[in-house]
Amino acid sequence: MAAFLMEHAFVMVLTILIINVVYVTLFTVRMIFTLKGQRYLAAGVSVIEILVYVIGLSLVLDNLDQPQNLIAYALGYGIGVIIGMKVEEKLALGYITVNVITKEYEPDIPNALRDKGYGVTNWVAYGREGERLMMEILTSRRSEQNLYQTVKELDPKAFIISHEPKAFFGGFWVKGIRR
């Protein structure tokens, strides 16, 4: 196999490119699992990741006199980062907390969101131009875009900030999650 690759430069470049795309994608997925506390999944992915990495790197190091191999390795790395980010978006593991500040005080918005299944805590806030409605909403990352769309339909001028909570205990969501 190695002899075939060395005789066919295009196949070698393509192989190195694909190997590095796979490696960096696995690296990204492993990091996501690690950050989300999925230690066994992260460990399993890392075993495959390191095998792919060693194979790809050895192909490049064994053929350092061929600059196209190094370029393929670098390109594969960049493409792998992009694909890894796309995979992360599709996995959408975990939860986000979304803070919403409405343009006008509109007391019906929290109940409209609750009717769609979101856990909402709300209170009156005061901004430069008067009363506002402040809401804190916890939702799964899979529901993130739907939540944004719903909020924008209810108040197109709402100010929205989101972040990932590290941990949470008690309340409406914990009861629903553990079922």
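Before any of the text, the structure's been laid out above.
On a predicted model such as this, the values are computed, not experimentally measured, just so you know.

(A) Molecular detail of the overall build of the chain. When its secondary structure is counted, the chain shows seven helices and four strands. Ordered by position in the sequence, the α and β elements of the chain form the string α-α-α-α-β-α-β-β-α-β-α. Projected onto its principal axes, the C-alpha coordinates of the chain cover approximately 70 × 35 × 25 Å. Counted over contacts in the chain with a minimum sequence separation of 6, partners at least 24 positions apart contribute 70%. When the accessible area of the chain is evaluated, it comes to approximately 11500 Å², of which 62% is carbon and sulfur surface. A distance of 7 Å separates the average location of the 18 positive side-chain charges in the chain from that of its 17 negative side-chain charges.

(B) Layout of the sheet that holds strand β2 (residues 119-127). Pairing is antiparallel in the open sheet, where four strands are placed in the order β2-β3-β1-β4. Each having just a single partner strand, β2 and β4 (159-163) make up the two edges of the open sheet. Across the sheet, the mean angle from the axis of one strand to that of its neighbour is 20 degrees, orientation sign disregarded. Pairing analysis gives nine bridges linking β2 to strand β3 (residues 130-140), with the strands arranged antiparallel. Of the residues in β3, the one forming a bridge with G119 is L138.

(C) Representation of the packing of helix α3 (residues 39-61) against helix α4 (residues 67-91) within the structure. At a closest axis distance of 9 Å, the pairing of α3 and α4 adopts a crossing angle of 150 degrees. Between α3 and α4, the angle is such that the two are roughly antiparallel. Contact with α3, carried on its side by Y53, G56, L57 and V60, involves N69, L70 and Y73 of α4 and no other residues of that element. For the contact of α3 with α4, a count of residues per class yields five nonpolar, two polar and no charged.

(D) Structural view of the side chain of N20. Topologically, N20 is positioned in helix α2 (residues 9-35). Within polar-contact distance, the side chain of N20 engages the backbone oxygen of Y73 at 2.6 Å. Non-local contacts of N20, meaning those with residues more than four positions away in its chain, are made with Y73, G76 and Y77.

(E) Summary view of the nonpolar core. Within the largest apolar cluster, 15 residues are counted, with the highest numbers of intra-cluster contacts made by I16, F33, V45, V52 and L59. Counting residues per element, the ones that place at least two in this core are α2, α3 and α4. Leave out the neighbours within four places in its chain, and V52 touches I19, V22, Y23 and L26. Counting 14 residues, the second-largest nonpolar core is a separate cluster that includes V98, V120, L147 and V151.

(F) Structural context of the pattern of salt bridges. Following the criterion strictly, the structure yields five salt bridges and no others. Ionic pairing is found between E49 and R30, a salt bridge with its closest N-O pair at 2.5 Å. In this pair, E49 is assigned in helix α3 and R30 in helix α2, connecting sequence segments 19 residues apart. Two residues, R132 and E129, come together in a salt bridge whose shortest N-O distance is 3.6 Å. The exposure class of R132 is buried, given its relative accessible area of 11%. Because the salt bridges share partners, they merge into one network encompassing K103, E129 and R132.

(G) Structural detail: unusual backbone geometry. Of note, A92 is a non-glycine position whose phi angle comes to about 45 degrees, a positive value. Relative to the helices and strands, A92 is located in the loop between α4 and β1 (95-101). For A92, a relative accessible area of 10% corresponds to the buried category.

Criteria and thresholds
Residues numbered from 1 in each chain as written. Predicted model: local features only at pLDDT ≥ 70, side-chain atom pairs only at ≥ 80, totals over all residues. Heavy atoms only, no water. Helix = DSSP H or I, 4+ residues; strand = E, 2+ residues; numbered from the N terminus. Contact = heavy atoms within 4.5 Å. Areas by Shrake-Rupley, 256 points an atom, 1.4 Å probe, with all protein chains shown as cover. Lys, Arg positive; Asp, Glu negative; His and termini not counted. Charge placed at Lys NZ, Arg CZ, Asp CG, Glu CD. Pairing = 2+ DSSP bridges. Axes fitted to C-alpha atoms, helices over the stretch in contact; angles between N-to-C directions. Parallel < 35°, antiparallel > 145°, perpendicular 65-115°, else oblique. Nonpolar A, V, L, I, M, F, W, Y, C, P; charged D, E, K, R; others polar. Polar contact = N/O pair within 3.5 Å; in protein donor to acceptor, adjacent residues only side chain to side chain. Core = buried A, V, L, I, M, F, W, Y, C linked by side-chain atoms within 4.5 Å. Buried < 20%, exposed > 50% of the residue type's maximum accessible area, 1.4 Å probe, protein only. Salt bridge = Lys/Arg side-chain N within 4 Å of Asp/Glu carboxyl O.

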